[in-house]
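Summary of the model geometry
Read off the chains here:
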Amino acid sequence: IQEQDANKNVVFEWHCKDHFAIDDAYPFFLYSPVNVVWTHCNSIHLDDDGNILLSVRHFSEVTKINRTDSSIIWRFGGKHNEFTFLSDTTPFVGQHDVRRIANGHITIFDNGYFSAPHSTRALEYAVDEVNKTADLKWSYIYDSAMTSTAMGNVQRLWNGNTVIDYGLVSANKNICFT
């Protein structure tokens, strides 16, 4: 992650190699012996407190990063999960597009890939960062047989509607919602 000022001077820089281990990745994501993408960071979001929310697909994890000292504040999901899920018994897998929305909740597009039976879902969690709990407040499944092998996102609109991009879909059907 790199933040640059208007003159392209680096004002913040953060490297996965300094904070993560290769075995944080789930082996099923490491299927190519030629091209090993062990983290696959696929979205960053500047959180309301000025820190960074990072989606790390191959860890099935959202990581919160401190922009002052580059430390990891917390890890949500995956092998190093620090949170108790209060109302969701299915962990998100291979997710994309983490966002903090206006009500303070966090949305995630859960690809559900490599985790049968697990369908692609749009998720909204109330995350208590002090007590380290995550309460599923809303979810949407279009088709329980559908998984998204790549991409996808969830966006809550100003009027309360939600736009869901299902990315690259596979479910014994040849459809793709984009």
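All of these numbers come straight from a predicted model, not from anything done at the bench. (Residues numbered from 1 in each chain as written. Predicted model: local features only at pLDDT ≥ 70, side-chain atom pairs only at ≥ 80, totals over all residues. Heavy atoms only, no water.)

1. Focus: the side chain of Ser 55
Assignment of secondary structure puts Ser 55 in strand E4 (residues 52-56). Side chain to side chain, Ser 55 and Gln 95 meet in a polar contact 3.0 Å long. Discounting chain neighbours no more than four positions away, the residues touching Ser 55 are His 40, Cys 41, Asn 42, Ser 43, Glu 61, Gln 95, His 96, Asp 97 and Val 98. (Helix = DSSP H or I, 4+ residues; strand = E, 2+ residues; numbered from the N terminus. Polar contact = N/O pair within 3.5 Å; in protein donor to acceptor, adjacent residues only side chain to side chain. Contact = heavy atoms within 4.5 Å.)

2. As for the environment of Phe 85
As for its position among the elements, Phe 85 is in strand E7 (residues 84-85). In sequence terms Phe 85 and Ile 141 are 56 residues apart; their C-alpha atoms lie 19 Å from each other. When residues no more than four places from it in sequence are discounted, the contact partners of Phe 85 are Phe 76, Phe 92, Tyr 125 and Ala 134.

3. A look at the sheet that holds strand E6 (residues 72-76)
If you trace the four strands from one edge of the open sheet to the other, you get E3-E4-E5-E6, paired in antiparallel fashion. The strands lining the two open edges of the sheet, one partner per strand, are strand E3 (41-46) and E6. Sheet twist, expressed as the mean angle between neighbouring strand axes with direction ignored, is 20 degrees. The sheet contact formed by E4 and strand E5 (residues 61-65) spans five bridges and is antiparallel. Across the sheet, the residue bridging to Val 56 is Glu 61, located in E5. (Pairing = 2+ DSSP bridges. Axes fitted to C-alpha atoms, helices over the stretch in contact; angles between N-to-C directions.)

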